[in-house]
Amino acid sequence: MRLYQLALREIGRRKIRTLYTASGIALSVALLVATILVGSAGQKDLLLTIARYGHSLTILPATTMDTSLQSFGIGSGHYIPEEAIPSIRTIYDAAIKTGWERMGGLVLQSGIPFGGEQQIQEAIFAPRLYEETNVLDRRVVVAGVDSVAEYQTRFWWEVDSGNLMNDPQEVMVGKVFAAITGVKVGDRVDINGQSFKVGGILRETDSPDDYMIFSTLPTVQKLFGKQGLVSLINVRAMCNYCPVGDAELAINQKVVGVRATSQREIAQAQHKIFRNVTHVILTLVGLSLLMACMAVFNMIMGTMHGRIREIGLLKVLGASRWQLMRTFAYESIALGILGGLIGYALGVSIAFGVGPWLLSGAIIELHWWEPLLAVVAAIMTSLLATLLPALHTSRISVATAFRAQ
Amino acid sequence: MNTNASVKVAVNSQPLVVLSHISKVYPLSDHSVYALDDMNLTILPGEYLSFMGPSGSGKSTLLNIIGGIDKPTSGEVYLDGERIDTLKEQRLLVIRRRKVAYVLQEARLFPSLTALENVMLPTAFVGDRKQVRQRALELLSKVGLEKRANHLVHQLSGGEAQRVCIARALINQPLLILADEPTGNLDHETRLEIVQQFEALNAEGHTIVMVTHDPELSARTRRRLLLRDGKISQS
């Protein structure tokens, strides 16, 4: 007969009490698991989202000093030749690759937790040609864009009505322009003496796009006699921690006549948000563990009082205080394993049930070590919560415990 | 000092238990209650002794003091030649494991264990694993329960459960068996079974000290003591 056998048998006998205590642990572990899973998914989703917004470069003609609408080279006579784009791309790709391989070199995003490999997709180069003209008696900027690349870089674009432009004979207009002029899908507008059908109205973006008219790049180039020229190039990096700063430096050093600017502030904001979210998650995890300890402590304290008779008998039969503590510890470990496994299953269910509702589009990912972590956390919680009641109860003198019969 | 746990001891050898001027006082707010009052007693190896007395006469307190579970307020207690009323818990633990065994009024068994496992349980605290199963089976056989060895407690009758307690009391080969109302909750027939069991054990040389309300049971012991107001009033 071994002490752990006694502990396991007693756990098996007190099914209600066991389930009650294990469910307390399980709920706490479930909260922990769900917090970690949803939190990680949220973190990842957040990173991906702000990475998509933040990891980009804008390449302008060298004389254009900022990216405000007034300085887009409209009417300034400064353009970037389209034929320069492949060589800029080559320089960009080389700089990203070198910077990525170096990992820890000039990487703008601080706080990268791990190195390792990441699949680097090709960056998207979205050139734009801006020209100002009169349409419906209003001064308006007509933007010629590469529609495929544009949709990829401005993935938040949605149409209010009609469809995204896909026909050279059609234009898409910004929401504010449509509101001011009263133009609707299906109407025709004259641009520089050529008639175009309004194919779609862009949903409001809170950006200069709301005031513009969009058509395909070749159409606008031809319309304004600017064949082979663009006003700027938006470059969207396709990796989370792309060292766009390296690419920015390389382009500025190696390409004459253009100036590349990256969005450092966004990268810094990303790091700050990431850090804050991590702190919130860690605080929640800590609180859930503390709650678990207190809940299980209360449950075990309650059951210990009901077990004084049993403790008295064990002492009379020769059990030392250490042996009693060991017996309680075995029970505690068994409860921890049971509670941990149930809690993990419950936590995963909660994460999959609540996660998508809390974080639209977030993907909950499971890892092999998570059940292990759940069980270890449950055992630690159970042991911690058992320690004090067990120490207290095992200290009762034999005479006192024996009289409790 | 007798350190051998063998039960084959002769009557009239060195005393197994000596109580010298034992008092046990429970102080209350306005007065003190004397559970035991200046009591002297000697128990020899192989004795079969019973204490009778009304409730509150100090019977159970006396049993607990003899077994080292409780300490007297004054006086000296010797067990197997060793003074035990001044011992630390660590040494008392050894005494409880090796020298003294209890049989209680209720059959106090662990319901999750079988009869055999209940008998084996005290060996878990001693760390003795040598032929424990065999010994436990022999003891169950001795109390007539060899066929009930693998039965859970709830499958046993009251008398059978009490016999399991007796077998459990013997597993570590104690010098002294202390029985506190061992037949208290049993019917007449079952009581007789238990009495016969104790008589058989005593015949083998076991020293048995019993507390009982039952005059019939007391009458069958070899030495009968009557307790009243914390004193031995009749022997």
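This text follows the structure it describes.
Residues numbered from 1 in each chain as written. Chains lettered and ligands numbered in written order. Predicted model: local features only at pLDDT ≥ 70, side-chain atom pairs only at ≥ 80, totals over all residues. Heavy atoms only, no water.

> Please clarify how the nonpolar core should be interpreted in this entry.
Most often, soluble globular proteins have nonpolar side chains that are buried together. Counting residues in hydrophobic clusters, the biggest one holds 105 residues, and the most contacted among them are Leu19(B), Phe51(B), Ile66(B), Leu121(B), Leu140(B) and Phe198(B). Other than its neighbours up to four places away in sequence, Leu121(B) contacts Met1(A), Leu6(A), Leu314(A), Leu317(A), Phe110(B) and Leu113(B). Within the second largest apolar cluster, 43 residues are counted, among which are Ile91(A), Leu129(A), Val255(A) and Val258(A). (Core = buried A, V, L, I, M, F, W, Y, C linked by side-chain atoms within 4.5 Å. Buried < 20%, exposed > 50% of the residue type's maximum accessible area, 1.4 Å probe, protein only. Contact = heavy atoms within 4.5 Å.)

> Help me out: how do you make sense of the pairing of strand β3 (residues 124-135) of chain A in this one?
A regular strand carries its side chains on alternate faces of the sheet. Residue and element names in this part refer to chain A. Burial of β3 is extensive: 10 of the 12 residues sit out of reach of the surface. Both β3 and strand β11 (residues 232-236) contribute to a ladder of five bridges, which runs antiparallel. Bridged to Pro127 within β11 is Ile233. As judged from the eight bridges shared by β3 and strand β4 (residues 138-145), these two strands associate in the antiparallel manner. Looking at the pairing, Glu131 lines up with Val142 of β4. The antiparallel hairpin formed by β3 and β4 contains two residues in its connecting segment, where Leu136 sits at a positive phi of about 50 degrees. (Helix = DSSP H or I, 4+ residues; strand = E, 2+ residues; numbered from the N terminus. Pairing = 2+ DSSP bridges.)

> What should I look at first to understand the packing of helix α4 (residues 132-142) of chain B against helix α5 (residues 158-170) of chain B in this one?
How two helices sit against one another is set out by the angle between their axes and by the gap between those axes. Residue and element names in this part refer to chain B. Orientation of α4 relative to α5, taken along the N-to-C sense of each, is 135 degrees, at an axis distance of 9 Å. As judged from the angle between their axes, α4 and α5 are oblique. Here α4 and α5 pass one another in a crossing that is right-handed. Every residue of α5 that contacts α4 at Leu139, Leu140 and Lys142 is listed here: Val164, Ala167 and Leu170. Considering only residue class, the contact of α4 with α5 consists of five nonpolar, no polar and one charged. (Axes fitted to C-alpha atoms, helices over the stretch in contact; angles between N-to-C directions. Parallel < 35°, antiparallel > 145°, perpendicular 65-115°, else oblique. Left-handed = near helix turned anticlockwise from the far one by under 90°. Nonpolar A, V, L, I, M, F, W, Y, C, P; charged D, E, K, R; others polar.)

> Is there a simple way to think about the pairing of strand β9 (residues 213-216) of chain A in this case?
Residue and element names in this part refer to chain A. Pairing of β4 with β9 involves four bridges; the strand directions are parallel. When the sheet's bridge partners are listed, Gly144 is paired in β9 with Ser215. Pairing geometry for strand β6 (residues 170-173) and β9, over two bridges, is antiparallel. Paired with Val173 across the strands is Ile213, a residue of β9.

> Could you clarify how one ought to interpret helix α9 (residues 308-316) of chain A in this entry?
Turn by turn, an α-helix covers 3.6 residues, leaving residues three or four places apart pointing in a common direction. Residue and element names in this part refer to chain A. Most of α9 sits out of view: eight of its nine residues are buried. Of the residues making up α9, those classed as buried are Ile308, Glu310, Ile311, Gly312, Leu313, Leu314, Lys315 and Val316. Taken from the residues just after α9, Gly318 is the one with a positive phi, measuring 110 degrees.

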